[in-house]
Amino acid sequence: MTEPTKMPSGTGAGNQGESERHLEESIASVREALTGLRYGSVQLTVHEGRVVQIDVTEKRRLKPN
């Protein structure tokens with residue numbers, strides 16, 4: 001008989017709803033960061049599989065004199 005597969009910590013069925021909610025919130029935050037950004041970058045910091053920080057760097061183009 002085979003031994004049951006063990007799930008990594010924090011990924012059980014009880015946490016699945018919370019993980020899904022966090023993912024949706026993260027996607028909404030990234031969408032908000034991208035809104036109105038014309039030139040630049042968005043960097044995500046992930047810790048233990050969760051987005052914990054969003055950095056937005058915006059570049060502004062100056063017109064020559």
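Just so it is clear, the model here is predicted, and its values are computed rather than measured.

What counts, and at which threshold
Residues numbered from 1 in each chain as written. Predicted model: local features only at pLDDT ≥ 70, side-chain atom pairs only at ≥ 80, totals over all residues. Heavy atoms only, no water. Helix = DSSP H or I, 4+ residues; strand = E, 2+ residues; numbered from the N terminus. Contact = heavy atoms within 4.5 Å. Pairing = 2+ DSSP bridges. Salt bridge = Lys/Arg side-chain N within 4 Å of Asp/Glu carboxyl O. Buried < 20%, exposed > 50% of the residue type's maximum accessible area, 1.4 Å probe, protein only.

J.: What is the right way to read the environment of T45 from this model?
T.: Following the sequence through the fold, T45 ends up in strand 1 (residues 40–47). T45 sits ten residues away from D55 along the chain, and the two C-alpha atoms are 8.2 Å apart. In contact with T45, other than residues within four places in its own chain, are R50, V51, V52, Q53 and D55.

J.: Before we go on, may I ask you to explain the pairing of strand 1 in this structure?
T.: Regular strands place their side chains on alternate faces of the sheet. Bridge count for strand 1 against strand 2 (residues 50–58) is eight bridges, and the pairing is antiparallel. Residue pairing for strand 2: V42 is matched across the bridge by V56. Where strand 1 hands over to strand 2, the hairpin turn is made up of two residues, of which E48 adopts a positive phi near 50°.

J.: What should I look at first to understand the pattern of salt bridges in this one?
T.: Going through the model one piece at a time under the given rule, you end up with two salt bridges. Linking E18 and R50 is a salt bridge whose minimum nitrogen-to-oxygen distance equals 4.0 Å. Of this pair, E18 sits in helix 1 (residues 13–34) while R50 sits in strand 2; the two residues are 32 residues apart in sequence, bridging distant segments of the chain. You can call R50 partly exposed: its relative accessible area is 36%. With a shortest N-O distance of 2.9 Å, E25 and R21 are connected by a salt bridge. Taken together, the residues E25 and R21, both in helix 1 and four residues apart, mark about one turn of the helix. A relative accessible area of 41% places E25 in the partly exposed class. When its relative accessible area of 44% is taken as the criterion, R21 is described as partly exposed.

Taken by themselves, the reported measurements are silent on function.
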